[in-house]
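# Residue-level structural notes
Chain by chain, the residues run as shown.
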Amino acid sequence: MKKNWWQPLLFVLIVGVTGVMLMGIRTYQDAPPIPNFVSPTGEVLIPHAAILEGQSVFQKYALMDYGSMFGDGASRGPDFTAEALHRIAVTMEEHYAEQWRTTKQQEPTPHERAAIQARVKQEIKANRYDAATGATRLSEGQTHAYRELVKYYASVFQGQHSEAFQPVAYITDATELQQLAAFFYWGAWVCGAERPGKDYSFTHNWPYDVAAGNLPSASVTFWSVFGLFGLILALGGVLFVYGRADKWIGFNGADRAHPIITIEGIAGFTPTTLQRATYKFFAVAAVLFLVQVLAGVLTIHDFLRFTTFFGVDISTWLPITITRGWHVQIALLWISACWIGAAIFVLPLITREQPKGQLALTNALFALLVIIVAGSSAGVLLGPKGMLGEWWRWLGNQGWEFVELGRLWQVLLFGAFALWAVIMWRGVRPALRGREPWSLPYWMLYAVLSILLLFIAGFVAGPQTNFVIADFWRWAVIHMWVEAFFEVFTTVIVAYFMYLMGLASQQSAARVVYLATLLFLGSGILGISHNFYWNAKPVMTLAIGSIFSTLQVVPLILLTLEAWRLRQMPDAAVREANRANGTRALFGQSEAFLFLLAVNFWNFMGAGVFGLIINLPIVNYYEHGTYLTVNHGHAALMGVYGNLSLAAVLFCSRYLLNVESWSARLVRCSFWSLNFGLALMVVLDLFPAGVWQFLQTLDHGLWYARSQEFIRSAPFQTLTWLRAVGGVWFTLGGVVPIVWFMLSRWRRLKSAASSIEQESLITPHVIEQQAAGD
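From a predicted model like this one, the values you see are computed outputs, not experimental measurements.

What counts and what doesn't
Residues numbered from 1 in each chain as written. Predicted model: local features only at pLDDT ≥ 70, side-chain atom pairs only at ≥ 80, totals over all residues. Heavy atoms only, no water. Helix = DSSP H or I, 4+ residues; strand = E, 2+ residues; numbered from the N terminus. Rg over C-alpha atoms; globule rule 2.2 N^0.38 Å. Buried < 20%, exposed > 50% of the residue type's maximum accessible area, 1.4 Å probe, protein only. Contact = heavy atoms within 4.5 Å. Phe/Tyr/Trp six-rings, centres within 6.5 Å; stacked < 30°, edge-to-face > 60°. Lys NZ or Arg CZ within 6 Å of the ring centre and 35° of its normal. Pairing = 2+ DSSP bridges. Axes fitted to C-alpha atoms, helices over the stretch in contact; angles between N-to-C directions. Patch = residues over 30% accessible without salt bridge, like charges linked within 9 Å, V, L, I, M, F, W, Y side chains within 5 Å. Areas by Shrake-Rupley, 256 points an atom, 1.4 Å probe, with all protein chains shown as cover. Salt bridge = Lys/Arg side-chain N within 4 Å of Asp/Glu carboxyl O. Expected span 1.5 Å × (residues − 1). Bend = angle between axes of the 7 residues up to and from the residue. Disulfide = S-S within 2.5 Å. Parallel < 35°, antiparallel > 145°, perpendicular 65-115°, else oblique. Left-handed = near helix turned anticlockwise from the far one by under 90°. Nonpolar A, V, L, I, M, F, W, Y, C, P; charged D, E, K, R; others polar. Core = buried A, V, L, I, M, F, W, Y, C linked by side-chain atoms within 4.5 Å.

### Points about the overall build of the chain
- Scanning the chain from N- to C-terminus turns up 27 helices and 10 strands.
- Taken over C-alpha atoms, the radius of gyration comes to 28 Å for the chain, in line with the 28 Å a tight globule of 774 residues would show.
- Taking the principal axes of the C-alpha coordinates as reference, the chain spans close to 100 × 60 × 45 Å.
- In the chain, buried positions account for 61% of the 774 residues.

### Here we look at the environment of Val403
- Looking at the element boundaries, Val403 is found in strand β10 (residues 403–405).
- Those residues in contact with Val403 that sit more than four places away from it in its chain are Gln329, Gln398, Gln410, Arg474 and Ile478.

### Looking at the packing of aromatic side chains
- The tally for this structure, following the rule as stated, stands at 66 aromatic pairs.
- When the centroid spacing of 5.5 Å and the interplanar angle of 80 degrees are considered together, the rings of Phe37 and Tyr185 count as edge-to-face. Taken together, the residues span a long stretch of sequence, with Phe37 in strand β1 (residues 36–38) and Tyr185 in helix α6 (residues 174–192) at a distance of 148 residues.
- The exposure class assigned to Tyr185 is buried, which follows from its relative accessible area of 2%.
- One Lys or Arg, Lys104, reaches over the ring of Trp100 and ends 5.3 Å from the middle of that ring.
- Sitting over the ring of Trp475, Arg474 keeps its end group 4.7 Å from the ring centre.

### A closer look at the sheet that holds strand β6 (residues 135–137)
- Spatially, the four strands line up as an open sheet ordered β2-β1-β6-β5, and their pairing is mixed. Two strands lie at the open edges of the sheet, namely β2 (44–46) and β5 (129–130), each paired on one side alone.
- With two bridges joining them, β1 and β2 adopt antiparallel strand pairing. In the sheet register, Val38 faces β2, and the bridge partner there is Val44.
- Taken strand by strand, α6 contacts β1, β2, β5 and β6, and its axis lies near 85 degrees from that of β1.

### Considerations on a nonpolar patch on the surface
- A contiguous nonpolar patch, built from Ile613, Phe687, Val691, Trp692, Leu695 and Leu698 and spanning about 430 Å² of accessible area, is present on the exposed surface.
- Per-element accounting of the nonpolar patch gives the leading share, five residues, to helix α23 (residues 664–699).
- In this structure, Val691 sits in helix α23.
- The class for Val691 is partly exposed, based on a relative accessible area of 30%.

### Concerning the pattern of salt bridges
- Applying the stated rule across the entire model yields 18 salt bridges.
- Salt-bridge contacts for Glu176 lead to Lys60; the nearest nitrogen and oxygen are separated by 3.1 Å. Here the residue Glu176 occupies a position in helix α6, and Lys60 occupies one in helix α2 (residues 48–60), the gap between them amounting to 116 residues.
- Given a relative accessible area of 14%, Glu176 falls into the buried group.

### What about α23?
- Spanning 36 residues, α23 covers 51 Å between terminal C-alpha atoms, matching the ideal 52 Å at 1.5 Å per step.
- At Val682, α23 is deflected by roughly 45 degrees, the largest bend along its length.
- A positive backbone phi angle near 120 degrees is found at Gly701, which sits one or two residues after α23.

### Structural notes on unusual backbone geometry
- A cis amide bond links Trp206 to the next residue, Pro207, at an omega of 0 degrees.
- Note on placement: Pro207 falls in the loop between α6 and α7 (218–249).
- Residues other than glycine seldom take positive phi values, yet Phe310 does so here, at roughly 55 degrees.
- By secondary structure assignment, the location of Phe310 is in the loop between β7 (308–309) and β8 (312–313).
- Given a relative accessible area of 88%, Phe310 falls into the exposed group.

### Some points on the state of the cysteines
- Summed over all chains, the structure comprises zero disulfides.
- No disulfide involves Cys338; its sulfur sits 9.4 Å from the nearest other cysteine sulfur, which is in Cys652.
- Using a relative accessible area of 1% as the deciding quantity, one classes Cys338 as buried.

### A look at the packing of helix α14 (residues 407–428) against helix α15 (residues 440–454)
- Their axes nearest at 9 Å, the elements α14 and α15 cross at an angle of 165 degrees. In this view, α14 runs roughly antiparallel relative to α15, as classed from their interaxial angle. Crossing angle aside, the handedness with which α14 passes α15 is left-handed. Residues Phe414, Phe417, Ala418, Trp420, Ala421, Met424, Trp425 and Val428 of α14 pack against Met444, Leu445, Val448, Leu449 and Leu452 of α15.
- Of the residues belonging to the contact of α14 with α15, the class tally is 13 nonpolar, no polar and no charged.

### As for the side chain of Gln717
- Note on placement: Gln717 falls in helix α26 (residues 714–744).
- Residue Gln717 is classed as buried on the basis of its relative accessible area, which comes to 14%.
- Not counting the four nearest positions on each side in its chain, Gln717 is found in contact with Phe303, Leu304, Ile711 and Arg712.

### A look at the pairing of strand β9 (residues 397–400)
- As judged from the two bridges shared by β9 and β10, these two strands associate in the antiparallel manner. Residue pairing in the sheet places Asn397 in a bridge with Leu405 of β10.
- Connecting the antiparallel pair β9 and β10 is a turn made up of two residues, with Phe402 showing a positive phi of about 75 degrees.

### Topic: the nonpolar core
- Counting 239 residues, the largest nonpolar core has Leu63, Phe157 and Trp186 as its most contacted members.
- Trp186 has contacts with Pro32, Pro33, Ile34, Pro35, Phe37, Ile51, Phe70, Asn466, Phe467 and Val468, leaving out every residue within four places of it along the chain.
- In this structure, Leu231, Leu551, Val554 and Ile557 belong to the second largest nonpolar core, which totals five residues.

### A closer look at the side chain of Ser661
- With respect to the secondary-structure elements, Ser661 resides in the loop between α22 (627–656) and α23.
- Excluding residues within four positions of it along the chain, Ser661 makes contact with Phe741, Arg745 and Arg748.

### Considerations on the packing of helix α11 (residues 320–350) against helix α12 (residues 358–382)
- Two numbers describe how α11 lies on α12: the axes approach to 10 Å, and their chain directions differ by 175 degrees. Between α11 and α12, the crossing angle belongs to the class labelled roughly antiparallel. Residues Ile322, Gly325, Trp326, Ile330, Leu333, Ile340, Ile344 and Leu347 of α11 form the contact with α12, whose own contacting residues are Gln358, Thr362, Leu365, Leu369, Ile372, Val373, Ser376, Ser377, Val380 and Leu381.
- Among the residues forming the contact of α11 with α12, the class breakdown is 13 nonpolar, five polar and no charged.

### Notes on α26
- Look at α26: 43 Å from first C-alpha to last across 31 residues, which is about the 45 Å you get at 1.5 Å a residue.
- Residue Gly726 marks the point of greatest curvature in α26, where the axis turns by about 30 degrees.

### Points about the environment of Phe472
- Position of Phe472 relative to the elements: it lies in helix α16 (residues 467–500).
- Taking the C-alpha atoms as reference points, Phe472 and Ala461, 11 residues apart in sequence, are found 9.1 Å from one another.
- Setting aside chain neighbours within four positions, we find Phe472 in contact with Val20, Met23, Gly24, Thr27, Phe532 and Lys537.

Spelled out as structure tokens, the structure:
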């Protein structure tokens with residue numbers, strides 16, 4: 001491994017990056033055109049510019065945090081593409097039926113009605129785009145349907161329908177409303193019109209809608225079967241290798257170079273000034289965690305229309321586009337703060353030779369993050385309210401789900417990640433001398449640099465970039481972070497913690513990181529394609545996504561197999577140490593270790609099981625845009641990254657706080673409340689609501705499963721109310737205690753070692769001392 005370690009990794013990266021580049025090239029080449037839509041008489045009904053301006057309106061008012069486009073976005077409102085497509089089909093049918101009544105002076109018979117329906121489907125499927133003129137000629141029925149669509153969306157966003165914005169007018173400008181309708185009409189056309197030379201639409205006939213003639217294409221079914229075959233084959237092969245070499249693959253403490261960390265060892269630990277400075281990252285992250293959860297509570301209240309308190313309707317001031325924007329954006333910020341603080345905390349444990357200026361850079365990084373959080377949160381509030389004028393994109397909400405923060409705050413966040421990378425490079429550089437490139441310090445650096453580089457993709461698209469192309473770059477940030485390099489960073493952090501706890505040697509920890517990286521990147525980079533199934537990408541995304549998206553469950557299963565061994569390791573190591581030394585010491589990081597075990601559980605359940613059941617194309621065709629995706633997102637994001645972030649906070653805080661300030665009982669109570677509360681939310685609401693919505697899609701189509709009629713139906717409302725059971729447990733029993741704990745202990749930190757002590761400080765966990773063991 002030491003000699004040729006880079007070859008398998010390079011192969012995986014070349015294959016993955018080449019595949020993503022090909023998808024990107026084909027995305028640009030095969031993106032649906034944005035034409036001028038003209039009437040049968042040649043009148044320009046929808047100018048090309050109006051569609052692009054409508055896309056800007058969609059983003060300006062943060063409508064992706066209310067509804068969705070091509071299934072991507074929030075689920076409080078409709079999927080605008082599915083809704084517009086269905087309304088167009090129904091309106092066209094009624095228009096031609098009325099013509100029949102006027103001409104024949106009688107109602108059409110069932111046979112005649114079927115002929116009208118067939119005509120509607122044929123006209124929707126017909127792609128009359130002329131590349132030479134850049135125009136698409138609409139039929140008489142389509143022209144009528146567009147004009148009715150303009151009236152409908154004007155009434156919706158002016159508060160005249162039972163929408164989330166009723167009875168308040170959310171958008172009042174008549175020109176913006178017409179442009180928005182033009183954008184939605186274009187989205188419906190993309191979903192209905194056949195791709196040139198194919199018998200399916202640009203979106204592979206998504207969404208399912210019988211009235212519009214949208215049924216799953218043959219390739220959707222074929223690649224689903226092939227993907228399942230690939231999963232079983234790969235899983236069998238990997239499990240075979242694991243069974244043959246499980247002692248070499250997993251964490252192994254048999255050759256650990258230092259004893260397991262005990263409470264006594266923690267009591268004798270003296271932090272450096274740099275380590276002590278990281279506590280503010282953790283305390284502020286805890287506060288942001290609470291704010292994010294409260295924003296989620298307000299968001300759910302909007303689903304229930306339970307937004308009036310003491311005679312004041314808070315949705316008037318804080319519509320769902322704002323509360324959900326906070327809920328999503330602040331989640332990413334508090335998790336990032338935890339990881340940044342933990343990574344910096346570990347630096348003096350990697351090597352004592354920390355360069356001068358690290359403390360000043362760390363404090364500057366913290367100040368920059370505070371500015372970003374404050375500025376972006378204010379922007380998410382002010383942008384959709386139109387209070388920033390033409391500066392909405394730079395200072396407000398850019399309008400992309402998960403990338404809501406304005407462009408200025410995005411630039412500053414990139415600067416913060418760059419500064420973090422500089423701090424990490426300066427910190428680990430002394431430890432790199434004489435080290436193998438696959439050792440733990442290198443992996444830490446690789447992960448941080450990858451997170452920084454991938455963030456560049458978020459700067460490519462502008463507000464008037466073709467939505468299909470812009471969404472490619474949005475997913476390049478989200479997916480590559482979450483399902484590829486965040487997973488690698490997660491493994492690196494867990495490996496470091498296992499080593500520092502005395503539960504694994506450096507060699508076994510480095511092997512785990514290396515193999516996990518191969519598996520996560522091998523499946524995760526190309527796994528991005530499952531996000532492209534239905535947003536007008538070529539059929540190759542179905543082929544690649546069906547295989548590599550299902551393969552993403554393989555490393556998660558291996559982590560689950562490893563979890564049982566991990567659970568037993570602290571007790572076994574402590575018993576061994578006590579027998580050898582004649583002591584009765586206790587494991588010093590029990591609480592942080594609990595959260596690490598939870599990461600393994602939710603990695604399997606939230607990311608693995610709930611992810612696998614929605615990744616096969618034929619299943620995703622019907623469930624895309626439903627609560628099954630929401631269920632997967634909550635279980636994976638909070639279950640995996642939330643628990644990992646809290647594990648990092650507690651691991652570091654255990655060393656930083658005076659021993660008498662630690663409250664194991666409170667932390668354990670918070671742990672069980674958080675995870676049991678999350679499980680209750682999944683079991684009582686998210687999963688059953690997703691299944692119910694999935695069934696409604698099968699029966700009626702996505703347009704109905706996302707309609708206000710469905711959202712306000714008794715079953716869905718009942719399940720949403722039941723979420724409060726888990727939500728209250730999660731918030732009051734889990735979030736509030738951990739926030740109080742972190743804030744109340746801020747003044748109870750250990751004193752930092754003096755400069756002289758820091759130079760000579762030797763802890764049992766200084767990794768540099770073990771260089772010879774690598």
